[in-house]
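Notes for the structure review
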Amino acid sequence: MERAEPRPRLQRPAGPGPALPRERGARPGPRRAPRADGMRLRERSLRQDPDLRQELASLARGCDFVLPSRFKKRLKAFQQVQTLKQEPLPPATSQSIPTFYFPRGRPQDSVNVDAVISKIEGTFAQFPQERASMDDMGLVAKACGCPLYWKGPLFYGAGGERTGSVSVHKFVAMWRKILHNCHDDAAKFVHLLMSPGCNYLVQEDFVPFLQNVALLEEEADINQLTEFFSYEHFYVIYCKFWELDTDHDLLIDAHDLARHNDHAISTKMIDRIFSGAVTRGRRVQKEGKISYADFVWFLISEEDKKTPTSIEYWFRCMDLDGDGALSMFELEYFYEEQCRRLDSMAIEALPFQDCLCQMLDLVKPRTEGRITLQDLKRCKLAHVFFDTFFNIEKYLDHEQKEQLSLLRDSDSSSSELSDWEKYAAEEYDILVAEEAAGEPWEDGFEAELSPVEQKLSALRSPLAQRPFFEAPSPLGSVDLYEFACGDEDLQPL
């Protein structure tokens, strides 16, 4: 019986590849030193180096025949390569980009926090034990410079729902924190409504605000609350719009708008309004007409130039190149027409250099030769500045007053009605008087009331029983100069 030959034993190679047979009795020889070119390490990762990957896999299986020196050298080289890759790149030599994203509003240096807090403390001193209830929060909201409908969020934001009242110390601490962290009205309002620890609003957060709005139903005459846009305001605006809209297509062009207040506004400013600087939509550029919504912005901004929104409106109109500042060239561009109109009225116009010195002393811009939006908002006489350059009637009214009297009027107006509220009240009284006089409607347009409007008109007082979209009294659209001169004499210069 023949003896079976023993199977050759396999010798595991150091590197990858198939195993080779080894003769019986042969002793394994010493490993050769790796060549110099084999010791050159390339900048590879673990996944890209097959030798190192094989050795690591062998170590994981418990093999002990991997050369420690070779493994250490490869591992050390790999760590050096990874360290070089993780080194930060040197900063770019380009100029730093200024901050342009302000999620809580752009910080303003002009806000005097101590003055605001002092005014709030003076308001709380009027209440018993310096504690304010929900009914007292209207005065507190006014001291904070907030609208009346903020009184609910202010009350709940200071923890008033737990005790039924808010102490002066707790409210001052809350409001001081808001003034330091929130820099515009939107950020303040969101901060008051959102829950603690959240940076977003949910449906339940609007409950304090809606409860405050529901309190308006308790007021017998909503027109007595000047903090809200009332029916009187709407009626005055719509009557003015109807007077200018001669064809009654609910659109007015530049010629119609120029007739506002007996051509008081310059034609250059009318052109700027229809240029798209302060209007939305493409109808203005295509058809040269503005809608009722655009007219609302125009009329409120024209009759009250002291509010931040009105200042932004007219600043965008005067900023011809859109660089965010009014240059001396832009001021002279608008003032030239004012001089021509004054000459036609036999009134000697002030030279532009003298007028410019007066306006610079009035505004006191931080940068010489440039008037920015912040400069006008900081100035208390921004309405005088705007009227000087494009409203001839109001400019003459301001010229008859001294600057000290203008400053006194500006300071006293903070506690009284605004210019828009005075204008709306006066115009509404005139319209009501015309209605009470029983003057006929002779404009040729009769508006039919819908069933809903008929029910609403029956609930109104006899002096206010005019439909929402009915033409106003003809006296409001009669030009008193029509009987003294022709239409050609009324054309703007």
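Cut-off values and rules
- Each chain has its residues counted from 1, following the order in which its sequence is written.
- Local features in a predicted model are, by the rule used here, given only for residues with pLDDT of at least 70; side-chain atom pairs are given and counted only at 80 or more, and totals for whole chains, interfaces and linings are based on all residues.
- Derived side-chain values reflect all non-hydrogen atoms in the structure, with water molecules and hydrogen atoms excluded from consideration.
- Type-normalised accessible area, obtained with a 1.4 Å probe on protein chains alone, sets the label of each residue: buried when under 20%, exposed when over 50%, and partly exposed for intermediate values.
- Helix and strand labels come from DSSP, where a helix needs a run of H or I of at least four residues and a strand needs a run of E of at least two; each type is numbered from the N terminus.
- Throughout, disulfides are identified as pairs of cysteine sulfur atoms within 2.5 Å of each other.
- Note on aromatic pairs: the rings of Phe, Tyr and Trp (six-membered ring only in Trp) are paired at centre separations within 6.5 Å, and the planes decide the class, stacked below 30 degrees, edge-to-face beyond 60, tilted for the rest.
- We call a charge positioned above a ring when the Lys NZ or Arg CZ atom is no farther than 6 Å from the ring centre and deviates by at most 35 degrees from the ring normal.
- A contact between two residues is defined here by any heavy atoms of the two lying within 4.5 Å.
- In this description, a nonpolar core means a group of buried Ala, Val, Leu, Ile, Met, Phe, Trp, Tyr and Cys residues linked to one another through side-chain atoms lying within 4.5 Å.
- Axis definition: a line fitted to C-alpha atoms, limited for helices to the stretch in contact. Angles are taken between N-to-C directions and run from 0 to 180 degrees.
- We call two directions roughly parallel when the angle between them is under 35 degrees, roughly antiparallel when it is over 145, roughly perpendicular when it lies between 65 and 115, and oblique otherwise.
- Three residue categories are used. Nonpolar comprises Ala, Val, Leu, Ile, Met, Phe, Trp, Tyr, Cys and Pro, charged comprises Asp, Glu, Lys and Arg, and polar comprises the others, including Gly.
- Per residue, pLDDT captures the predictor's confidence, and it can take any value from 0 to 100.
- UniProt positions are given in the numbering used here, feature names are shortened, and annotations may be inferred rather than shown by experiment.
- Patch definition: residues above 30% relative accessible area lacking any salt bridge, with like charges linked at up to 9 Å and the nonpolar side chains Val, Leu, Ile, Met, Phe, Trp and Tyr linked at up to 5 Å.
- In these tables, accessible area is a Shrake-Rupley quantity obtained with a 1.4 Å probe, and a residue counts as shielded only by the protein chains included in the view.
- Each reported salt bridge corresponds to a side-chain nitrogen of Lys or Arg within 4 Å of a carboxyl oxygen of Asp or Glu.
- Should the near helix be turned counterclockwise from the far one by less than a right angle, the crossing is left-handed, whereas a clockwise turn marks it as right-handed.

So, about helix 19 (residues 382–390). Counting buried residues in helix 19 gives nine out of nine residues, a clear majority hidden from the surface. For helix 19, every residue scored as buried is listed here: Ala382, His383, Val384, Phe385, Phe386, Asp387, Thr388, Phe389 and Phe390.

What follows concerns the state of the cysteines. Going through the model one piece at a time under the given rule, you end up with zero disulfides. Cys357 carries a free sulfur, and the closest cysteine sulfur to it, the one in Cys355, is 9.2 Å from it. Assessed through its relative accessible area of 44%, Cys357 is described here as partly exposed.

One pass over the structure, following the stated rule, counts 24 aromatic pairs. Considering the side-chain rings of Phe124 and Phe127, the 5.8 Å spacing of their centres and the 75 degrees angle between planes classify their relative orientation as edge-to-face. Measuring from centroid to centroid gives 4.8 Å for Trp314 and Phe390, while their planes differ by 35 degrees, and the two rings are tilted. Pair noted here: Trp314 is in helix 15 (residues 308–318) and Phe390 is in helix 19, with a separation of 76 residues, a long-range link. Trp314 sits in the buried class, given a relative accessible area of 0%. Judged by relative accessible area, Phe390 falls into the buried class, the value being 0%. Here the guanidinium or amino end of Lys268 rests over the ring plane of Tyr333, the centre of that ring lying 4.1 Å away.

Turning to the environment of Asp419, a few remarks are in order. On the secondary structure map, Asp419 appears in helix 22 (residues 419–436). Beyond its immediate stretch of four places on either side in the chain, Asp419 contacts Glu303, Asp304 and Lys306.

The next thing to look at is the nonpolar core. Core analysis: the biggest nonpolar cluster contains 64 residues, and Leu257, Ile273, Met318 and Phe385 have the highest contact counts within it. Counting residues per element, this core draws most heavily on helix 10 (residues 231–244), which supplies ten residues. Not counting the four nearest positions on each side in its chain, Leu257 is found in contact with Leu244, Ile252, Ile270, Ile273, Phe274, Ile290, Phe295 and Phe298. Judged by nonpolar contacts, the second largest core, of 29 residues, contains Phe124, Val140, Ala141 and Cys182.

Where helix 14 (residues 292–303) meets helix 15, the axes come as close as 9 Å, and the angle between the chain directions of the two elements is 105 degrees. Our classification of the angle between helix 14 and helix 15 gives roughly perpendicular. Contact with helix 14, carried on its side by Trp297, Phe298, Ile300, Ser301 and Glu302, involves Thr309, Ser310, Tyr313 and Trp314 of helix 15 and no other residues of that element. Taken together, the residues of the contact of helix 14 with helix 15 break down into five nonpolar, three polar and one charged.

What follows covers the side chain of Asp294. Counting through the fold element by element, Asp294 comes out in helix 14. Given the relative accessible area of 13%, Asp294 is considered buried. Not counting chain neighbours up to four residues away, the residues in contact with Asp294 comprise Thr279 and Arg280.

Across the chain, the bulk of peptide bonds are trans and the bulk of non-glycine residues have phi less than zero. In this model, Asp262 sits at a positive phi of 60 degrees, which is unusual for a non-glycine residue. Looking at where Asp262 falls in the secondary structure, it is placed in the loop between helix 11 (254–258) and helix 12 (267–273). With phi around 60 degrees, His263 is a residue other than glycine that occupies positive phi space. Note on placement: His263 falls in the loop between helix 11 and helix 12.

Reading predicted coordinates in detail is not appropriate for stretches of low pLDDT. This prediction gives the chain a mean pLDDT of 75; 62% of its residues lie at or above 70. Counted against residues more than four places away or in other chains, residues 33–44, with its pLDDT under 50, gives ten contacts. Note on residues 458–493: pLDDT is under 50 here. Beyond four places in sequence and across chains, it has 58 contacts.

The UniProt feature table records "domain: EF-hand" (unreviewed entry) at residues 306–341. Split by type, residues 306–341 is 69% helix and 6% strand. Its first and last C-alpha atoms lie 25 Å apart.

Attention shifts here to a nonpolar patch on the surface. On the surface, Ile97, Phe100 and Tyr101 cluster together into a nonpolar patch covering about 460 Å² of accessible area. Mapping Tyr101 onto the fold places it in the loop between helix 2 (68–86) and helix 3 (113–124). Overall, Tyr101 belongs to the exposed group, its relative accessible area being 61%.

Between helix 3 and helix 7 (residues 168–181), whose axes approach to 11 Å, the crossing angle comes to 155 degrees. What the angle tells us is that helix 3 and helix 7 run roughly antiparallel. Between helix 3 and helix 7 lies a crossing of right-handed hand. Here Val113, Asp114, Val116, Ile117, Ile120, Glu121 and Phe124 of helix 3 lie close against helix 7, whose contacting residues are Val168, Phe171, Val172, Trp175, Arg176, Leu179 and His180. Residue composition of the contact of helix 3 with helix 7, grouped by class: ten nonpolar, one polar and three charged.

To continue, consider the pattern of salt bridges. In this structure the tally under the stated criterion is 14 salt bridges. With a shortest N-O distance of 3.3 Å, Glu427 and Lys240 are connected by a salt bridge. Here Glu427, found in helix 22, pairs with Lys240, found in helix 10; they are 187 residues apart in sequence, far enough to count as distant. Here Glu427 falls in the buried class, since its relative accessible area comes to 19%. Classification of Lys240 as buried rests on a relative accessible area of 18%. As a salt-bridge pair, Lys305 and Asp387 come within 2.9 Å of each other at their nearest N and O atoms. With Lys305 in the loop between helix 14 and helix 15 and Asp387 in helix 19, the pair connects residues that are 82 residues apart, well separated along the chain. An identical accessibility class is assigned to Lys305 and Asp387; each is buried. Salt bridges linked by common partners bring Glu302, Glu303, Lys305, Asp387 and Lys394 together as one network.

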